[in-house]
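# A structural walkthrough
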Amino acid sequence: MRAILTVAGLSLISGQALADTIEVEVDIPRMSVAEYHRPYVAIWIANPDNSVVSNIAVWYQQGETGEGKGETWLKDIRQWWRRTGRELAMPVDGISGPTKAPGTHEIVLATDSGPFANLKAGQYQLVVEASREVGGRELVSLPFIWPLKAAPESQSGERELGKVTLRLAD
Amino acid sequence: MKPTFFKSCAVALAALSLAGNAFAHRAWILPSSFTLSGENQWVTVDGAISNNLFYPNHVAMRLDSLSITAPDGTAVEAENTVTGKYRSAFDVKLEKEGTYRISLGGDGYNASWEENGERKRWRGNAETLKTDGIEAKSGVEISRSVRRIETFVTLGSPTTAVFATEGTGLELKPVTHPNDVFAGENVSFQFLQDGKPAAGVEVDIIRGNDRYRNAENGLKLTTDADGVITFTPDEAGPYWLSAESSGQSSLNGKEINLRNSYVATFEALPL
């Protein structure tokens, strides 16, 4: 009952298609390299002027290895680090997570809590930045208008990131 | 007007005017990282006076005057210090969040005079100037020189406490923080002379790896009325900045020539 009310409420306010969850899909490509390490990935929402609205996820090495704590290389996700990472006390609940294997990863976010809650109508970008040890770095920016339209938005990286998709859940 | 590397005629002219200077030795210190995350990180720093940036191919930097300042203003000791033939190196442990200043330099005097038909040259500080009785030498010419060779590294978010003016010579004050420079974006630095905005100071900026270029492609700028220069590094990489000014200083009521120099190393990251 509550869910129905929420959905109805949203559609009244914003005219958004009927949904109360958002899906962010990030494809981490499989690499054919001698030394492979899973990339550090940061996903955030930014204004068109690159100022940060909110963080969605940061995937990095949790804990400590012989080479040091995972936080040591967060600065290599360099735009994220500059725009927001360096201001955060890591780990951040609900944002920090372990690195992911190659494949398609889906983050499901509610529209009534988390980064998309209280997002004012307007132009934004979903930014995904990946940085890989002994590898490259790539940033994919996917512009979107909030509230989302029914059709999914997507943008593809060329090397370190595959397809990045933002859509309303079915 | 915003000067950019490789894109402006003014730069080409500046490069020509620099040609006479092309083989000047350059003093620098270069940290292994400028920006760090996590906690208890280390940087290793090289220091040399060389012909190319940043290749130690002339003489090692002397580290006698080295001082390292933590973000909270406390002094940090260099570790694993070594001075080789062409370069010196040392490690710095970063235990506090913020910007560290790694600095060399000094405030000293140069003197020259004739003695028994021979030209004598002397270099020292305010104290040895007295103890060596330099001012009493007949026909002595004394000049003062205030020098700084610096770099900055940041653990976590950049801070500005280490840029507090010391009030002597040329100093850099961030408008853009030197650990927040990105290729393709405007960068502004302010220069202070004896703690006040230094107008009309000439500043050279050269990207590292000039060894692999046929032309230095440097940028020659002059500070505006507020002591500020603004430029856009078109390419990512380590950069060498050198500023000089001259003026007068007084020594026991006598006017003497004063030369100030300032060198900093910073990096521009790719967007």
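Residues numbered from 1 in each chain as written. Chains lettered and ligands numbered in written order. Predicted model: local features only at pLDDT ≥ 70, side-chain atom pairs only at ≥ 80, totals over all residues.

So, on to the overall build of chain B. The number of helices and strands found in chain B is 2 helices and 20 strands. Principal-axis analysis of the C-alpha atoms places the extent of chain B at approximately 60 × 45 × 35 Å. For chain B, with 271 residues in total, the buried portion stands at 35%. (Helix = DSSP H or I, 4+ residues; strand = E, 2+ residues; numbered from the N terminus. Buried ≥ 20, exposed ≤ 12 C-beta atoms within 10 Å, placed from the backbone.)

What follows deals with the confidence of the model for chain A. Looking at chain A as a whole, its pLDDT mean stands at 89, while 89% of the residues score no less than 70. Scored below 50 in pLDDT, residues 1–15 of chain A shows 13 contacts in the model against residues more than four places distant or in partner chains. (pLDDT = per-residue confidence, 0-100. Contact = placed C-beta atoms within 7 Å.)

Another point: the nonpolar core. Counting 53 residues, the largest nonpolar core has Trp-28, Tyr-100 and Leu-241 of chain B as its most contacted members. If one sorts the elements of this core by residue count, strand 20 (residues 254–269) of chain B sits on top with 6 residues. For Leu-241 of chain B, the contacting residues outside a window of four places in its chain are Val-203, Ile-205, Val-263, Ala-264 and Phe-266 of chain B. Listed in part, the 31 residues of the second largest apolar core include Val-24, Leu-74, Trp-80 and Val-164 of chain A. (Core = buried A, V, L, I, M, F, W, Y, C linked by C-beta atoms within 7 Å.)

Let us look at the pairing of strand 9 (residues 98–115) of chain B. Residues and elements named next belong to chain B. As paired elements, strand 5 (residues 67–69) and strand 9 share 3 bridges and run antiparallel to each other. By the bridge assignment, Ile-68 is partnered in strand 9 with Ile-102. One ladder, built from 15 bridges, connects strand 9 with strand 11 (residues 141–155); its direction is antiparallel. Bridge pairing links Ser-103 to Glu-150 in strand 11. Here strand 9 pairs with strand 10 (residues 118–124) via 7 bridges, running antiparallel. In the strand pairing of strand 10, Glu-115 is matched with Glu-118. (Pairing = 2+ DSSP bridges.)

What follows covers the sheet that holds strand 7 (residues 103–110) of chain A. All names here are of chain A. Strand order in this open sheet of 4 strands is 7-1-11-10, and the pairing throughout is antiparallel. Of all strands in the sheet, those with a lone pairing partner are strand 7 and strand 10 (153–156), marking the two edges. Across this sheet, the average inter-strand angle for adjacent strands is 10°, counted without regard to direction. Pairing geometry for strand 10 and strand 11 (residues 163–168), over 4 bridges, is antiparallel. Paired with Glu-153 across the bridge in strand 11 is Leu-166. (Axes fitted to C-alpha atoms, helices over the stretch in contact; angles between N-to-C directions.)

So, about the environment of Val-58 of chain A. Residue and element names in this part refer to chain A. Looking at the secondary structure, you find Val-58 in strand 3 (residues 52–59). Sequence separation between Val-58 and Ser-96 is 38 residues, and the spatial gap between their C-alpha atoms is 4.9 Å. In this structure, Val-58 is in contact with Ala-42, Ile-95 and Ser-96, ignoring residues within four places of it in sequence.

The next thing to look at is unusual backbone geometry. All names here are of chain A. Residue Pro-91 is bonded to the preceding Met-90 through a cis peptide linkage, with omega at 0°. Relative to the elements of secondary structure, Pro-91 occurs in the loop between helix 2 (78–83) and strand 6 (96–97). The peptide bond linking Trp-146 to Pro-147 adopts the cis configuration, its omega dihedral lying at 0°. Locating Pro-147 in the fold gives a position in the loop between strand 9 (137–146) and strand 10.

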